[in-house]
Number of protein chains: 2
Amino acid sequence: MQNNKVTIHDIAKALNLDSSTVSRALNDSPRVIQKTKDIVLAKATEMGYQRNHLASSLRKSKTNTIGVIVPRISRHFFSSVISGIEETAYEAGYTVIICQSLEQFNREKKIINTLMGQRVDGVLMSISMETKDYKHLEVLKKQGIQLVFFDRHCDIPNYSNVLIDDFNSGFEATEHLILKGCKHIAHFSGPQNLEIYKNRFKGYKHALSKHGLPFEEALVFPSKLMEEDGRKNSEKLLALPNPVDGIFSANDVAAIGAIKYLTSNGVKIPEDIAIVGFSNEPISTVINPALTTINQPGIEIGKAATALLLRQITKENDALDAQTIIMDSNLIERQSSKK
Amino acid sequence: MQNNKVTIHDIAKALNLDSSTVSRALNDSPRVIQKTKDIVLAKATEMGYQRNHLASSLRKSKTNTIGVIVPRISRHFFSSVISGIEETAYEAGYTVIICQSLEQFNREKKIINTLMGQRVDGVLMSISMETKDYKHLEVLKKQGIQLVFFDRHCDIPNYSNVLIDDFNSGFEATEHLILKGCKHIAHFSGPQNLEIYKNRFKGYKHALSKHGLPFEEALVFPSKLMEEDGRKNSEKLLALPNPVDGIFSANDVAAIGAIKYLTSNGVKIPEDIAIVGFSNEPISTVINPALTTINQPGIEIGKAATALLLRQITKENDALDAQTIIMDSNLIERQSSKK
DNA sequence: CTGTTAGCGCCTTCAC
DNA sequence: GTGAAGGCGCTAACAG
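Residues numbered from 1 in each chain as written. Chains lettered and ligands numbered in written order. Predicted model: local features only at pLDDT ≥ 70, side-chain atom pairs only at ≥ 80, totals over all residues. Heavy atoms only, no water.

> It is not clear to me how the protein's contact with DNA strand D should be interpreted in this structure. Could you clarify?
Lining the immediate surroundings of DNA strand D are 27 residues, of which A:Y49, A:R59, B:T21, B:R31 and B:R59 lie closest. Near-protein atoms of DNA strand D (within 4 Å) split between backbone and bases, with sugar and phosphate holding 57%. Within the contact set of DNA strand D, a phosphate oxygen lies 3.3 Å away from a backbone nitrogen or oxygen of A:N52. Contributions of two or more residues to the surface near DNA strand D are made by helix 1 (8–15), helix 2 (19–26) and helix 4 (53–60) of chain A together with helix 2 (19–26) and helix 4 (53–60) of chain B. Partitioning the surface near DNA strand D into residue classes produces seven nonpolar, 11 polar and nine charged. (Near = heavy atom within 4 Å. Polar contact = N/O pair within 3.5 Å; in protein donor to acceptor, adjacent residues only side chain to side chain. Helix = DSSP H or I, 4+ residues; strand = E, 2+ residues; numbered from the N terminus. Nonpolar A, V, L, I, M, F, W, Y, C, P; charged D, E, K, R; others polar.)

If you want it as structure tokens, here you go:
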């Protein structure tokens, strides 16, 4: 019965109506009497009608589609964010196109073009690590396409950011250790060209100074988000003259490496050394009950960013001011650690 | 200079050409002389032209878009698959629309409609757990939209599946334990209405029988993919008259619960009890060096499924036969476990 | 309340 | 090798 590609014209013909009336009926326009709507709707389902969004979007120049650009979908933090984005978008009747930059500037550029070609109504993105220059984003503004950044701060005037309060997270993580009685707290830092790691580091220093502990350069160990770093850092750390009794790791991968190395070398966690690590991956939550984690609220960030973007899309006229939303990450203590 | 919404007509006007020539030039048609192409292309970039895919797709009734339906994006296995899908699709010039069913049949139904409305060229899906009835998928076939299932087998004639060899994985996991010297191996099973868990269970039984070990119903513990199950099962398991010396868990969440419970009750892993668990999440790879894992090749599945789908889309005429691709999962031993 | 008309931007016959 | 014309399916004026 129902066949390939039924259009509003087919319905109109079958009902001796005009296609515009059918269109209005299907869009629940107040300018069509209820009875007509019922008839049209019944016929439409009977004939297996499927609205063609392409045509509709073309006509309305509104696609109800948003583009999402993340460095890598399979990183748990980003997939959580996407999950939140999809949910909020779905509820609002929006479709989501997902792209991954793989941290490559060129891919990012090409993706922007693709999304423009798809005529998305807005874009949510976490800028790639390689990106230092933002010219490729100007076209979006020129076309009136809304853009909201999440997770990775991007300082372009008039654009909104949805971020995690890394300074505060670093501060809380470190203070947590201090309150547990730690006196010599090491810091495994991340790449210092990234704001998030800089801020966590600042939070660490601030907590130390607030509690009257000295900041020692020797206790700061760089790391490149590899387990190997965690192992090597731990090795050096055990060789220090003053024994360390706490570690705040700005990234969980290094924390994992550290835990593996330390435990296999007879160090008890958290009795000898307490550790707090960020959890970008669900890994941390189970790797060791002794690891206290700072959880990144991916889903919430996704929802907040999407809600903001949709607000900007719909209120495009009296353009919303750019704003920065700061989400709190939450410290989750797995075990009453330490002393 | 470049402004809002440049169309091929604008380019044509600026060049004293016809829009059709511009269109052909931009599509690199052989029916346009090279010189013209160069001029058009130059002007296009100069004016900041962006092809409108909506219009193009509408005209060609081909969107170069594929829809993906997964139960939940943030589950690591699925985000890996999506990652693979996105990569392969991107290379082939396709855009990917992601949707999550959240295991709900109604959402799945609605998503199918949305994707049809978006006129996707094909769909990749992992059917929701709630879905028992496949009528809502018939429209796809009726509209000639290609469909490939992945991970969760779906037995509808003429549709392809890309799956993991669960029987073999279950077999290998169990055999691994046997070869390590285990004599009493428990099995934490998953929901038996799902093929994958049934097959892992079968693999378990087959390994036992192959090696002359008795199958004992009492050693099979149901689980619903919750840590809690793992804990409860472990509790029961410790109370058995014959001590268990190995566990093959069909899902890693239960395995994690088990490890937490067992280690906190003084059981040494793998010395007392060796464990092999599936790793849907990266969790397992680090939770305990003693946990041997069976890794699900998400990215590879995504790539294979996409490649297959694209082949079906492009060779639509002499329709490809439905096929089933079986991917091997690989057992990763974290430590020379046991005895 | 419903019909008429026009066009969103592109591609594709068909002419020349 | 290029131009002219028409239409993909839908919606938004403008009528009546």
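What follows picks up the thread again.
> Hey, could you run me through unusual backbone geometry in this one?
Outside of glycine, negative phi angles account for most residues, and trans bonds account for most peptide bonds. The residue after A:I269, namely A:P270, is reached through a cis peptide bond having omega 5 degrees. On the secondary structure map, A:P270 appears in the loop between helix 11 (252–264) and strand 9 (274–279). Despite not being glycine, B:L102 has its phi angle at roughly 55 degrees, a positive value. Relative to the elements of secondary structure, B:L102 occurs in the loop between strand 2 (95–100) and helix 6 (105–117). Given a relative accessible area of 13%, B:L102 falls into the buried group. Positive phi, close to 65 degrees, is recorded for B:D151, a residue that is not glycine. Relative to the helices and strands, B:D151 resides in the loop between strand 4 (146–150) and strand 5 (160–164). (Buried < 20%, exposed > 50% of the residue type's maximum accessible area, 1.4 Å probe, protein only.)

> Would you mind going over helix 1 of chain A with me for this structure?
For helix 1 of chain A, the N-terminal cap is A:T7; the gap from its side-chain oxygen to the backbone nitrogen of A:H9 is 3.1 Å. Backbone geometry just downstream of helix 1 of chain A places A:N16 in the positive-phi region, at approximately 55 degrees.

> What should I look at first to understand the domain arrangement of chain A in this one?
Frequently, the measure chosen for interface size is the accessible area removed from exposure when the parts meet. For chain A, the assigned domains read domain 1 (8–51), domain 2 (64–164 + 298–327) and domain 3 (166–296 + 332–337). The C-alpha-based centres of domain 1 of chain A and domain 2 of chain A are spaced at 36 Å. (Domains from an automatic or database assignment.)

> Any chance you could explain the protein's contact with DNA strand C here in plain terms?
Taken together, 27 residues are adjacent to DNA strand C, and A:D18, A:R31, A:R59, B:Y49 and B:R59 come closest. Counting only the atoms of DNA strand C that lie within 4 Å of the protein, the sugar and phosphate share comes to 59%. Between DNA strand C and A:T21 there is a distance of 2.7 Å, counted from a phosphate oxygen to a side-chain nitrogen or oxygen. One of the backbone nitrogen or oxygen atoms of B:A55 is found 3.4 Å away from a base nitrogen of DNA strand C. Put simply, the parts of the chain that give the surface near DNA strand C at least two residues each are helix 2 and helix 4 of chain A together with helix 1 (8–15), helix 2 and helix 4 of chain B. With four residues, the single largest contributor to the surface near DNA strand C is helix 4 of chain B. Considering only residue class, the surface near DNA strand C consists of seven nonpolar, 11 polar and nine charged.

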